[in-house]
Every structure is written in structure tokens, then in C-alpha cells.
Amino acid sequence: MHNYLMRIQYIGRNFSGFQKQSNHPKDEKTVQGEIEKTLKTVLRVPVNTYGAARTDAGVNALNQYLNFYFDGVLDCGWLKNKMNHLLFDEGIFVKEIREVPQTFHARKSAKSKIYAYIVSSDLEKSMFLMPYVYIYKEPLDLNMLKIALDGLKGKHDFSIFANFDKSQKDRNNICELFDTGFIERGSLIILYFHGDRFLYHMVRRMVYYVLKGAQGYIDTRILLNPFSFGKRVPFTRQVLPPEPLFLVNVIY
């Protein structure tokens, strides 16, 4: 049995999320479901895949990883071309397929993930980039934006940026953000977050929070260390649209 790693990119709005779901209607497509269906078509046997990150519906990926086992030696270049012929029109592109050690697991072997969220205030220049750019209406103080992003770094209980789900009382809300920041590209601002793990809707809530901080709506004392203020931290419940969010990479 051989273990193969597949690296892909995809347009999130074409799918009802990455992970296949047994309770999804048959007409709702997931990225993992389409990958497995295509592998079955090409290889003529059912194939189970294991994904690195469970991106939500609408969230894009520049580098998502899956691994799968196959009882035989595959021509990875041939398989990549076959997959892309069938998947490209669906909004999925296979960037790489290669054999990896038996112990490799796309999710369990991952050390960290990097996400990016794209925002802009320029209506004219951003019109043709919609919906992959979030438009904010009030100007940002970039110094305050940096303070807000820096305040999120480190190992903390991120429950203030997570769903309030009473059925998940034992959920682990501890995450570590190794780096946060932003990059200016013309009229665009790309916010990035590098962490060991991320909670459901966590990134999209953090983006709204730091934007409000950069617009002057949050006390600087809170921005410097929001985790010491608990539920008193404002602007942590709004979930921004998924389309401007990208899974940039998974670090192994």
C-alpha cells in the first residue's frame, strides 16, 4: 500500500465546504467529495482521502493538502493531468501529487496553518475583485491595525472569537498564533494569521475585530491584550463573509 499526498487549490464559493458530509443533500458539492469521486473515476476503485483543513463553504484555498492510500505505484504526473482535466471546470486545480511516507497524515502531521483575508476601501478598483475582497467603509489607522493584530499573538483561550455552543462544553479553545500582520498591495490590504489551529469562524471574527480597532471603536488597552478582558471585548461576534478568506498554506 502506497501513501500519496495531493496539493490542491480551489474556489470556495463553488462548494458547500471542503469536508464531505453524510448529511449533505446529493446536489451539494464538497471539495473532498469531488476529489474522491474523480479519483474513483480515474483509478476505478473507491479512494478515501484525508484533508488538512476543514474550510467552510465559500472559503478558498491556495494550498490545501490531502493524502490517500492506493495499492499500487501511480504515475503522479499522469494522475495530476487526468484529475485537472476533470476538475478544473468545477473550480479545483491539482498542483502536485507525490508519494510520502506511510506515517504521513495530511491533518495529523500538520504543524500550523496560514490564513489570509483581503480587504479594501476602494470601491472602484475592487468592483471586479468581488466577492473576494471585503469592502470596509471607514478609514483605517494602520498603526492601530498593527496594535490590534499584535495583541492576538501568542497562546490563549480564543473562546471570545468562537461560537457559543453549549453542546461543546469540553471544546478545546486554546490556540497559538505565531504571527499576525498585514501586507499592503495597492488598494488592497491582506491580513494574515499563522497559527497552530483555528476555531470555527475564528479568523473571520478576528478580522472584524481588528478592523473596528483600526477604526477607533475599541480602547487601546483592550487591543493590547484582549484576552485579559474576557467577554467584555467588543466586536467579536460578527462573522464576515467567507469569500475573501484564503487558506494560504499548511506547514509540515
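Note that the coordinates shown come from a computational prediction; the quantities given were computed from them, not determined experimentally. Residue numbers here run from 1 along each chain, matching the order of that chain's written sequence. Local features in a predicted model are, by the rule used here, given only for residues with pLDDT of at least 70; side-chain atom pairs are given and counted only at 80 or more, and totals for whole chains, interfaces and linings are based on all residues. Hydrogens are left out, water is left out, and the side-chain values use all remaining heavy atoms of the structure.

**Considering a nonpolar patch on the surface**
Patches draw on residues past 30% relative accessible area with no salt bridge. Two like charges within 9 Å are joined, as are two nonpolar side chains (Val, Leu, Ile, Met, Phe, Trp, Tyr) within 5 Å. Here the accessible surface of atoms and residues is derived via Shrake-Rupley with a 1.4 Å probe, and residues count as covered only by protein chains that are part of the display. Salt bridges are identified by distance alone: a Lys or Arg side-chain nitrogen within 4 Å of an Asp or Glu carboxyl oxygen. A cluster of nonpolar side chains, contributed by Met1, Tyr50 and Tyr69, occupies part of the molecular surface with about 300 Å² of accessible area. Helix numbers and strand numbers start at the N terminus; a helix is a DSSP run of H or I with at least 4 residues, a strand a run of E with at least 2. Locating Tyr69 in the fold gives a position in strand β3 (residues 60-70). Since its relative accessible area comes to 30%, Tyr69 is described here as partly exposed. Buried means the residue's accessible area, taken with a 1.4 Å probe over protein chains only, is under 20% of the maximum for its type, while exposed means over 50%, and partly exposed covers the values in between.

**Considering the packing of helix α4 (residues 142-150) against helix α5 (residues 202-214)**
All axes here are fitted lines through C-alpha atoms, helices being fitted over the stretch that makes contact, and every angle between N-to-C directions spans 0 to 180 degrees. At a minimum axis separation of 8 Å, α4 and α5 run at an interaxial angle of 140°. When the axes of α4 and α5 are compared, the pair comes out oblique. Between α4 and α5 lies a crossing of right-handed hand. Contacts between α4 and α5 involve Met144, Leu145, Ala148 and Leu149 on the former and, on the latter, Tyr209, Val210, Gly213 and Ala214. The class makeup of the residues in the contact of α4 with α5 is 7 nonpolar, 1 polar and no charged. Angle categories: roughly parallel below 35 degrees, roughly antiparallel above 145, roughly perpendicular from 65 to 115, and oblique for all the rest. Two helices cross in a left-handed way if the nearer one is turned anticlockwise from the farther one by less than a right angle. They cross in a right-handed way if the turn is clockwise. Any two residues whose heavy atoms approach within 4.5 Å at even a single point are treated as in contact. Under the scheme applied, nonpolar residues are Ala, Val, Leu, Ile, Met, Phe, Trp, Tyr, Cys and Pro; charged residues are Asp, Glu, Lys and Arg; polar residues are all the others, including Gly.

**Focus: the packing of aromatic side chains**
Stacked, tilted and edge-to-face pairs are distinguished by plane angle, under 30 degrees for stacked and over 60 for edge-to-face with tilted covering the rest, among Phe, Tyr and Trp rings (Trp via its six-membered ring) whose centres lie within 6.5 Å. Tallying each qualifying case throughout the model produces 14 aromatic pairs. The interplanar angle of 85° and the centroid separation of 6.5 Å between the aromatic rings of Phe88 and Phe93 together place this pair among those described as edge-to-face. Among the residues examined, Phe88 registers a relative accessible area of 53% and is labelled exposed. Three or more aromatic residues link up through ring pairs in this structure, and these residues are Phe158, Phe161, Tyr209 and Phe227.

**Observations concerning the side chain of Asn60**
Counting through the fold element by element, Asn60 comes out in strand β3. A relative accessible area of 2% means that Asn60 is categorised as buried. In protein, a polar contact means a hydrogen-donor-capable atom and an acceptor-capable atom, both N or O and within 3.5 Å, with residues adjacent in sequence counting only if both atoms are side-chain atoms; elsewhere, any N or O pair within 3.5 Å suffices. Polar contacts involving the side chain of Asn60 include one to the main-chain amide nitrogen of Gly12, which spans 2.9 Å. Asn60 has contacts with Tyr10, Ile11, Gly12, Arg13, Tyr132, Glu243, Leu245, Phe246 and Leu247, leaving out every residue within four places of it along the chain.

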